[in-house]
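Chain by chain, the residues run as shown.
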Amino acid sequence: MKAIVCPKYGSPDVLQLKEVPKPAPKDTEVLIKVHAAAVTVSDCIVRSGRVNLLLWLPMRIFMGFRRPRKPILGLELAGEIEAIGKDVKLFKPGDQVFAFTGKNFGAYAEYVCLPEDGLCMPADSLVALKPSNMSYEEAAAVPSRGTLALYFLRKGDIRNGQKVLIYGASGGVGTFAVQLARHFGAEVTGVCSTANLELVKSLGAAKGIDYTKEDFTNSGEAYDFIFDAVGKRYSSKLQYKKALAPNGITSSVDDTPKIRLEDLILLKELVEAGQIKSVIDRRYPMEQIAEAHRYVEKGHKKGNVVITLE
């Protein structure tokens, strides 16, 4: 089968399209024929090996010191189950699924084997039937970006009528966060660039703030919850406090999440109910994976970037 292999840490040019052995499912695994996989900031960080100095040693212990221990990267995908292990109970061949591969990685390949019974990420992979009203490309963007948004918004304990600000509202996590906060009944303000203001408002934000022209912390507005969907926790946590209401809280996508299978299933239900959707900026074929990584690393994507394997 074809797969994108990362033989060493480095620039996007280290990624190579290669022929590798097709995996066979173990007794409790499913074999998924991958139709689409998301390209995320997390993928780029793993490929480059560049992290905050405090995180360098833990990451290399987990990922590998000289090269990625799991050379086929990719955290989220959508595809069809082609075969199952003899003890699999939850899925059957032909099921259309989306998945968060977690520590297994492997989404950048024509096929991947994942356990059927993962319950909580990062310890497990998560696999569920994909939303019936989504294409494979749209569904591939949900498992990690959507669940991350859901996890952090739940940390904010959002209630109907509260004022919520999403910093980085036009990104992969941010576009889901705006929609979910609106679904929970919040009055949403989205912070993004000039070009993305209309997109953020179309997703449900009552107000959009152009960060290139206005500093929301000096606007005089007070928010019950501020969610940093970009990952500026270390540089902006104290600054954000100026814009918090009494008893207001902040959270950052930099924090370590715990994602459960029921979160993925809830997102499926919300998609099918028309409450949330994926925003897809660009689609790339496998052969252009390096270009996809370069584009994501620029930090200006609208929503999500996917690679197609069909």
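In short, a report on the structure. In this text the structure is predicted, and so the values were computed from the model without any measurement.

1. Here we look at the sheet that holds strand 12 (residues 223–228)
Reading across from one edge, 11-10-9-12-13 is the order of the five strands in this open sheet, with parallel pairing throughout. Of all strands in the sheet, those with a lone pairing partner are strand 11 (207–210) and strand 13 (244–252), marking the two edges. Taking the axes of each pair of neighbouring strands and ignoring which way they run, one obtains an average angle of 20° across the sheet. Pairing between strand 9 (residues 163–167) and strand 10 (residues 187–192): five bridges, direction parallel. Bridging across to strand 10, L165 finds its partner in T189. Across the sheet, helix 4 (residues 145–155) touches strand 9, strand 12 and strand 13, and the angle it forms with strand 13 is around 150°. Its contacts with the sheet place helix 5 (residues 172–183) against strand 9, strand 10 and strand 12, and it is angled at close to 170° to strand 9.

2. Some points on unusual backbone geometry
In the Ramachandran plot, D157 falls in the positive-phi region, its phi being about 50° despite a non-glycine side chain. By the secondary structure assignment, D157 is in the loop between helix 4 and strand 9. D157 sits in the partly exposed class, given a relative accessible area of 49%. Here N247, not a glycine, exhibits a phi torsion of approximately 70°, which is positive. Among the secondary structure elements, N247 is positioned in strand 13. Residue class for N247 comes out exposed when judged on its relative accessible area of 80%.

3. Overview of the nonpolar core
Across soluble globular proteins, nonpolar side chains have a tendency to be buried as a group. Ranked by internal contacts, the top residues of the largest apolar core, which has 89 residues, are I32, Y108, I166, F227 and I307. Setting aside chain neighbours within four positions, we find I166 in contact with L153, G174, A177, V178, V188, T189, G190, V191, F227 and A229. Residues V191, I209, Y223 and L244 belong to the second largest nonpolar core, which totals ten residues.

4. Some details on the pattern of salt bridges
The full count for this structure, using the stated rule, is eleven salt bridges. Between E82 and K22 there is a salt bridge, with its nearest N and O atoms 2.8 Å apart. Highlighted residues: E82 in strand 4 (residues 76–84) and K22 in the loop between strand 2 (16–19) and strand 3 (29–39), separated in sequence by 60 residues. Where D157 meets R159, a salt bridge forms, and the shortest distance between an N and an O atom there is 3.2 Å. Here the salt bridges do not stand alone but share partners, grouping D27, K86 and D87 into one network.

5. Overview of the pairing of strand 16 (residues 304–308)
Of all five residues making up strand 16, four are buried, and the element is well covered by its neighbours. Direction of pairing for strand 3 relative to strand 16: antiparallel, over a ladder of four bridges. The residue bridging V39 from the neighbouring strand is V305, located in strand 16. Regarding topology, helix 9 (residues 289–297) serves as the crossover connection from strand 15 (residues 280–285) to the parallel strand 16, and that connection is right-handed.

6. Here we look at the packing of helix 4 against helix 8 (residues 261–272)
Close contact between helix 4 and helix 8 brings their axes to 10 Å; oriented N to C, the two are set at 105°. Put simply, helix 4 runs roughly perpendicular to helix 8. Along its contact with helix 4, which presents G146, T147, L150 and R154, the element helix 8 presents D263, L264, L266 and L267. Looking at the contact of helix 4 with helix 8, its residues break down into four nonpolar, two polar and two charged.

What counts and how
- Residues numbered from 1 in each chain as written.
- Predicted model: local features only at pLDDT ≥ 70, side-chain atom pairs only at ≥ 80, totals over all residues.
- Heavy atoms only, no water.
- Pairing = 2+ DSSP bridges.
- Helix = DSSP H or I, 4+ residues; strand = E, 2+ residues; numbered from the N terminus.
- Axes fitted to C-alpha atoms, helices over the stretch in contact; angles between N-to-C directions.
- Contact = heavy atoms within 4.5 Å.
- Buried < 20%, exposed > 50% of the residue type's maximum accessible area, 1.4 Å probe, protein only.
- Core = buried A, V, L, I, M, F, W, Y, C linked by side-chain atoms within 4.5 Å.
- Salt bridge = Lys/Arg side-chain N within 4 Å of Asp/Glu carboxyl O.
- Right-handed = clockwise from strand over helix to strand, strands pointing away.
- Parallel < 35°, antiparallel > 145°, perpendicular 65-115°, else oblique.
- Nonpolar A, V, L, I, M, F, W, Y, C, P; charged D, E, K, R; others polar.

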